[in-house]
Amino acid sequence: MNCDEFNERISAGVDGKLPRGELETLLDHAGRCPACKREYEAELGTRDILRSRIRPATVPDAVADSIQAMIRREDADSNEHPAPWWRQLFEAPPLKPALALAGMAVLAALLVRVVPRGEAGGHVVTADVLEQSVSNYHDVLLGVLEPQLVSSEPSRVAEFFSGKTGFPVVVPSMADWTLMGGVCTTFSGEPLAHLVFRRSDQFVYVYQARWDCVRKGEKLCLPERACLALERMGLYSEQLQNGNSIVVWKSGRALCAAVAPVMERELRGYILPVKEPVAH
Amino acid sequence: MSYFKIHDVRILRDGLLMAQKSAKHRAFEKEALPHSSLLYNYALRMTNNTADAEDLLQETFLKAYRFWDQYEQGTNIRAWLFRILKNSFINRYRKESKEPETVDFNDVQNYYTALKGGAAEKEQNWFAGLLTDDVAKAIADLPDDFRTVVILCDIEGLTYEEIADFVSVPLGTVRSRLHRGRKMLREKLVAYASARGYVAPA
């Protein structure tokens, strides 16, 4: 190794980025060449002074906040994202706590939930009905999933879906929850119905798909535990984080899933007030 | 209210903010914003000035947000953001950039002469006398190409491979720029130390 070659490799040598053999050659040369040895030591010293004197700085909170504000302004200017539909409908002071609660639920969900596989336009693309339901519930809270029909009249909402879904959409009566509206979408060509209910500052989201499609696990699927429970008891439920829960049940040709910010037991009570599963 | 445990006010505030965010905003927050520290430190060392660094960071994120649809998912987001920052820096400061401060060559000579007889102790001594500001100034005075790799390697702790990706040069160029950058930096530091009387002229 000559001095030029030494100089080409010196930084990598100092930083421990050379393969062992090359490092040995480098140090051999330094042992024989005093000038290069000084150079090596100087480089090491300079690197160390840099690393010890210059500590990475943290972004000031005020700057982080102003970046958030800036993004918000951008969104407002671009006008692509109007306020969530339920906010437009209920722009009243009592809704403020709803925002906080919804926000916290979403925040917590983002922190604890497994990141969904792939996303398109804010909608989670996964075949799992449970995951889709939970994700859509959060999209409702965020205003991403907007209604095509706003109505509190169950017959009107049912009528809206007829001919669109290929299966009769069930509009469950959810005790003291008020129907707000619905939207029809497709997933891999499979029609889906979505309903939203509201009670003061909380929301229940109901997902519906063709049971046949889910049962066969073609385009949509359910975890095995849910399939088994559905076959045996016609109902499956799960307690989620943060006091949310999900209930899945069959109704005619539809598979329904409800997600709500209430405990599992309470939600089951809304869906099947009478027909509690019978023990075998 | 009973369904959520409120740990502190910040979670509540974040929750409130979160509820109003668009899908794009959330994606950006997840993908881009976590790298603000990396960008900020680079901006800080390039401008050697917190106010300018803050402006540069905001400008970078604003551009990144506007052109978010042009970011190719799955590619190196850090490199993408870094290039936006670097271009912003160049556009903003190139026009007004002054000639880099030159090092008095005599000081350097003096240092080497002083060191020649020298012990490692002397090294320690002149290092110890330097202020963090001196080091920051020395970095800020390096030519752009060299300080970029020095900042990315020695302050940001990036790998050579990632630096090569960031600045779009071969690995060998990263190595040589790093060596030359550190060498220039050292010369500046020696000059400062000498000016402060920490290095005894021969």
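Predicted model only: the values in this text are computed from it and were never measured.

Criteria and thresholds
- Residues numbered from 1 in each chain as written.
- Chains lettered and ligands numbered in written order.
- Predicted model: local features only at pLDDT ≥ 70, side-chain atom pairs only at ≥ 80, totals over all residues.
- Heavy atoms only, no water.
- Helix = DSSP H or I, 4+ residues; strand = E, 2+ residues; numbered from the N terminus.
- Expected span 1.5 Å × (residues − 1).
- Axes fitted to C-alpha atoms, helices over the stretch in contact; angles between N-to-C directions.
- Parallel < 35°, antiparallel > 145°, perpendicular 65-115°, else oblique.
- Left-handed = near helix turned anticlockwise from the far one by under 90°.
- Contact = heavy atoms within 4.5 Å.
- Nonpolar A, V, L, I, M, F, W, Y, C, P; charged D, E, K, R; others polar.
- Salt bridge = Lys/Arg side-chain N within 4 Å of Asp/Glu carboxyl O.
- Buried < 20%, exposed > 50% of the residue type's maximum accessible area, 1.4 Å probe, protein only.
- Polar contact = N/O pair within 3.5 Å; in protein donor to acceptor, adjacent residues only side chain to side chain.
- Core = buried A, V, L, I, M, F, W, Y, C linked by side-chain atoms within 4.5 Å.
- pLDDT = per-residue confidence, 0-100.

(A) Representation of unusual backbone geometry. Residue and element names in this part refer to chain A. The backbone of Ala175 sits at a positive phi, close to 50°, despite the residue not being glycine. When you line up the elements, Ala175 lands in the loop between helix H8 (154–161) and strand E4 (178–187). Phi is positive for Ser188, close to 50°, though the residue is something other than glycine. Along the chain, Ser188 turns up in the loop between E4 and strand E5 (190–199).

(B) A look at helix H11 (residues 171–195) of chain B. The first and last C-alpha atoms of H11 of chain B sit 36 Å apart over 25 residues, in line with the 36 Å expected at 1.5 Å per residue. Immediately beyond the C-terminal end of H11 of chain B, within one or two residues, lies Gly197 of chain B, with a positive phi of roughly 85°.

(C) Just the packing of helix H9 (residues 144–155) of chain B against helix H10 (residues 160–167) of chain B, in detail. All names here are of chain B. Interaxial distance between H9 and H10 falls to 10 Å at its minimum, and their mutual angle equals 140°. Classified by the angle their axes make, H9 and H10 are oblique. In this structure, H9 crosses over H10, and the sense of that crossing is right-handed. Here Thr148, Val149, Leu152 and Cys153 of H9 lie close against H10, whose contacting residues are Tyr160, Ile163, Phe166 and Val167. Class assignment of the residues belonging to the contact of H9 with H10 gives a composition of seven nonpolar, one polar and no charged.

(D) Expanded view of the pattern of salt bridges. What the rule picks out here adds up to 24 salt bridges over all chains. With its nearest N and O atoms 3.8 Å apart, the salt bridge here joins Arg9 of chain A to Glu8 of chain A. For Arg51 of chain A, the salt bridge identified is with Asp154 of chain B, shortest N-O distance 3.0 Å. One end of the pair, Arg51 of chain A, is in helix H3 (residues 34–53); the other, Asp154 of chain B, is in helix H9, on a second chain. Note on Arg51 of chain A: relative accessible area 32%, which makes it partly exposed. Where salt bridges share partners, they join Asp15, Glu43, Arg47, Asp48 and Arg51 of chain A together with Asp154 and Arg182 of chain B into one cluster.

(E) Representation of the side chain of Asp141 of chain B in the model. Mapped onto the elements, Asp141 of chain B comes out in the loop between helix H8 (132–140) and H9. Within the structure, the side chain of Asp141 of chain B is placed 3.4 Å from the side chain of Tyr192 of chain B, a separation counted as a polar contact.

(F) Layout of the nonpolar core. Judged by nonpolar contacts, the single largest core of 70 residues is most densely connected at Phe28 and Phe61 of chain B. Element by element, the count of residues in this core is highest for helix H5 (residues 77–93) of chain B, at nine residues. Beyond its immediate chain neighbours, meaning those up to four positions away, Phe28 of chain B contacts Ile71 of chain A together with Leu33, Phe61, Ala64, Tyr65 and Trp68 of chain B.

(G) Here's a closer look at the confidence of the model for chain A. On average, residues of chain A score 79 in pLDDT, and 79% of them reach the 70 mark or higher. Low pLDDT, under 50, characterises residues 87–101 of chain A; the stretch is placed with 26 contacts to residues that sit more than four places away or in other chains.

(H) Quick peek at the confidence of the model for chain B. Residue and element names in this part refer to chain B. Confidence in the prediction of chain B, expressed as mean pLDDT, is 77, and 70% of residues score 70 or more. Across residues 1–18 the pLDDT falls below 50, and counting only partners more than four positions away or on other chains, this stretch makes 33 contacts in the model. In the predicted assembly, ipTM is 0.73 and pTM is 0.51.

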